[in-house]
Amino acid sequence: MTKVRLFKPWVGKEEIFNIKKVFKNEWLGYGPEVYKFEKKFAKFIGTKYAVAVNSGTAALHLALLCNDFDKNKEVLVPSITFSATAASALYCGLKPKFVDIRKEDLTIDFEDIKKKYTKNCIALICVHMGGHPAQMDKIRPWAKKKKLLLIEDSAESCGSIYKGKKLGTWSDISCFSFEEKKIITTGDGGMICLNDKAKYEKIKSLSFHGWNIDPWKRHQIFFRKNNRFSKHWRYEIENLGYKYNMNDLTAAIGLAQLKKINLFNKNRNLILKKYIDGIKDLEYIKPVFPYDLKNGSYWLFSVKTKFRDELINYLKKKKISTAVHFVPLPMNKLYKSFNNNNLKNTKSIWKEIVSLPFFPDLENEKIEQVIKCLRSFDKNLK
Ligand SMILES: Cc1ncc(COP(=O)(O)O)c(C=O)c1O
């Protein structure tokens, strides 16, 4: 029996070629490749600006931080998501306020957003869970009316189109992750996309120690022809910033990955089709998401079953990796003291979900192996 991994990055000669170029330049840190990657990524998503950072978590932190919100205000977040979505609020002295998820697709429930909203809320983070779009067409106009800062946590989707518009362009600020398992990877990394120039400049500064000018820009000024500016070494510390910037080595990998993103998403959708066809007649195992295989950019292949733990154990014996995305945040120690009631769907559905092996170069035999095991598990229950 072959082992089947849950996730795997798809990297190759294009990334190595780009890394070699950076080595040749002898500039590995915050430099020209970062600026190039930001420009290309902003163009790909369709926003005016993008800031490259060293993780999706840093992206979420800065997306909130750049607004100077008063402490103890509340940020609406879905109750089932990766921990960083809610942690970004705590980093800024804000409080996460948990909103229930929709049973149909695990994304934030618009009806519950309206119930949980109070005048103390200043922002709302929507997560495209597993790559499945949150209901941005309903949420966006409502958030605007309430003057909430709307953030898309698009860490699990990259390149998806929802109702004719790219995910990442439905909000005031969108955040992406390039950690090793994501749609595109740089090992670790993230990106913040937005159209607001003032906020872009603030985020740029916050991502590099709060300075008004970064080392690459100063280097360029120093070597500019006819440069009369004598104090190229001077920078102003304007904000309490962080060391969150991306570096040229990482950006070089990102540039190679971005070129292949459409292939990645195409492969992912082909694999999903095989999985969905392979289990469509099963009685006890169903896909979690109503997958859109035409416009989607999915990170997870997840199924729901009342026999989740039994399925996980069964697949373990067959050497097939699984995971649960995610244990609801309010069930975790750190978040227990936050609102934990009226999360009906959250409390029932998380017990039924399991993620299965899924990455863009997952081989046919392994897909067949997973399907075969799901089918025999389902049959044994009858
Ligand atoms: C929904 C979501 N938000 C944020 C993050 C954080 O991204 P990173 O791991 O790059 O910090 C992740 C993934 O890791 C995620 O899945």
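Rules behind the numbers
- Residues numbered from 1 in each chain as written.
- Predicted model: local features only at pLDDT ≥ 70, side-chain atom pairs only at ≥ 80, totals over all residues.
- Heavy atoms only, no water.
- Phe/Tyr/Trp six-rings, centres within 6.5 Å; stacked < 30°, edge-to-face > 60°.
- Helix = DSSP H or I, 4+ residues; strand = E, 2+ residues; numbered from the N terminus.
- Buried < 20%, exposed > 50% of the residue type's maximum accessible area, 1.4 Å probe, protein only.
- Salt bridge = Lys/Arg side-chain N within 4 Å of Asp/Glu carboxyl O.
- Pairing = 2+ DSSP bridges.
- Axes fitted to C-alpha atoms, helices over the stretch in contact; angles between N-to-C directions.
- Near = heavy atom within 4 Å.
- Polar contact = N/O pair within 3.5 Å; in protein donor to acceptor, adjacent residues only side chain to side chain.
- Areas by Shrake-Rupley, 256 points an atom, 1.4 Å probe, with all protein chains shown as cover.
- Nonpolar A, V, L, I, M, F, W, Y, C, P; charged D, E, K, R; others polar.
- Left-handed = near helix turned anticlockwise from the far one by under 90°.
- Contact = heavy atoms within 4.5 Å.
- Core = buried A, V, L, I, M, F, W, Y, C linked by side-chain atoms within 4.5 Å.

Asker: What am I meant to see in the packing of aromatic side chains here?
Answerer: To describe a pair of aromatic rings, one takes the distance between the centres and the angle between the planes. What the rule picks out here adds up to 28 aromatic pairs. Here the aromatic rings of F37 and F41 are separated by 6.1 Å at their centres, their planes lie at 70°, and the arrangement is edge-to-face. In this pair, F37 and F41 both sit in helix α2 (residues 32-45), 4 residues apart, roughly one turn of the helix. Overall, F37 belongs to the buried group, its relative accessible area being 0%. Relative to F178, the ring of F37 lies with its centre 5.5 Å away and its plane at 50°, an arrangement referred to as tilted. Note that F37 is positioned in helix α2 and F178 in the loop between β8 (173-177) and β9 (190-194), a separation of 141 residues in sequence.

Asker: Even after reading the chapter, I still don't get the pattern of salt bridges, so can you show me in this structure?
Answerer: Side chains that differ in charge, positive against negative, can pair when their charged atoms come close. Under the definition given, this model contains 22 salt bridges. One salt bridge in this structure joins R102 and D105, with 3.1 Å as the shortest N-O distance. The pair R102 / D105 is uniform in exposure class, with both members buried. Of the charged contacts in the structure, one is a salt bridge between D309 and R308, with a shortest N-O distance of 3.0 Å. Residue classification places D309 among the partly exposed residues on the basis of a relative accessible area of 43%. On the basis of relative accessible area, R308 is assigned to the buried category, the value being 9%. Put simply, E14, E15 and K260 are held in one network by salt bridges that share partners.

Asker: I keep staring at the sheet that holds β8 and nothing clicks. Help me out?
Answerer: In any sheet, the strands associate via hydrogen bonds between backbone groups, in a parallel or an antiparallel arrangement. Taken in spatial order, the 7 strands make up an open sheet running β1-β9-β8-β5-β4-β2-β3, and their pairing is mixed. Single-partner strands in this sheet number two, and they are β1 (49-53) and β3 (95-99). Put simply, the sheet's adjacent strands are angled 20° from each other on average, direction ignored. Pairing geometry for strand β2 (residues 74-78) and β3, over 5 bridges, is parallel. Looking at the pairing, V75 lines up with P96 of β3.

Asker: Looking at this structure, I do not really get the site of the ligand. What am I missing?
Answerer: Looking at the ligand, there are 15 residues lining it, with G56, T57, D153, E156 and S177 nearest. Here an oxygen atom of the ligand sits 2.5 Å away from a polar atom, N or O, in the side chain of T57. One nitrogen or oxygen atom from the side chain of E156 is found 2.6 Å from an oxygen atom belonging to the ligand. Alone, the ligand offers 380 Å² of accessible surface; in the complex the protein occludes 93% of this. Looking at the shell around the ligand residue by residue, the classes come out as 4 nonpolar, 7 polar and 4 charged.

Asker: What's the story with the packing of helix α1 (residues 13-25) against helix α9 (residues 248-259) in this structure? I'm lost.
Answerer: The description of two helices packed together rests on the angle between their axes and the distance between the axes. For the pair α1 and α9, the least separation of the axes is 8 Å and the interaxial angle reads 145°. In this structure, the crossing between α1 and α9 has a hand that is right-handed. Contact residues: E14, E15, N18, I19, V22 and F23 in α1; D248, L249, A252, I253, L255, A256 and Q257 in α9. Residues of the contact of α1 with α9, tallied by class, amount to 8 nonpolar, 2 polar and 3 charged.

Asker: What should I look at first to understand the nonpolar core in this one?
Answerer: With 67 residues, the main nonpolar core has F37, F41, M191, F301 and L374 as its most contacted residues. At 7 residues, the largest contribution of residues to this core is made by α2. Apart from the residues within four sequence positions on either side, F41 is in contact with C158, F176, F178, I184, M191, C193 and L258. Among the nonpolar cores identified, the runner-up in size contains 36 residues, and C92, I192, I203 and L329 belong to it.

Asker: Just checking my understanding: could you explain the environment of E179 for this structure?
Answerer: For E179, the position within the fold is in the loop between β8 and β9. Taking the C-alpha atoms as reference points, E179 and S55, 124 residues apart in sequence, are found 6.9 Å from one another. The residues touching E179, leaving out its near neighbours within four places in the chain, are I184, T185, G187, D188 and G189. Within the structure, the side chain of E179 is placed 2.7 Å from the side chain of K182, a separation counted as a polar contact.

Asker: I would appreciate a short explanation of the packing of α2 against α9 in the present structure.
Answerer: Where α2 contacts α9, the two axes come as close as 8 Å, and the packing angle between them is 35°. Every pair of crossing elements has a handedness; the one defined by α2 and α9 is left-handed. Judged by residue contacts, P32, E33, V34, K36, F37, K40, F41 and F44 of α2 engage D248, A251, A252, G254, L255 and L258 from α9. A breakdown of the residues in the contact of α2 with α9 according to their chemical character gives 9 nonpolar, 1 polar and 4 charged.

Everything listed is a geometric property; what it means functionally is a separate question.
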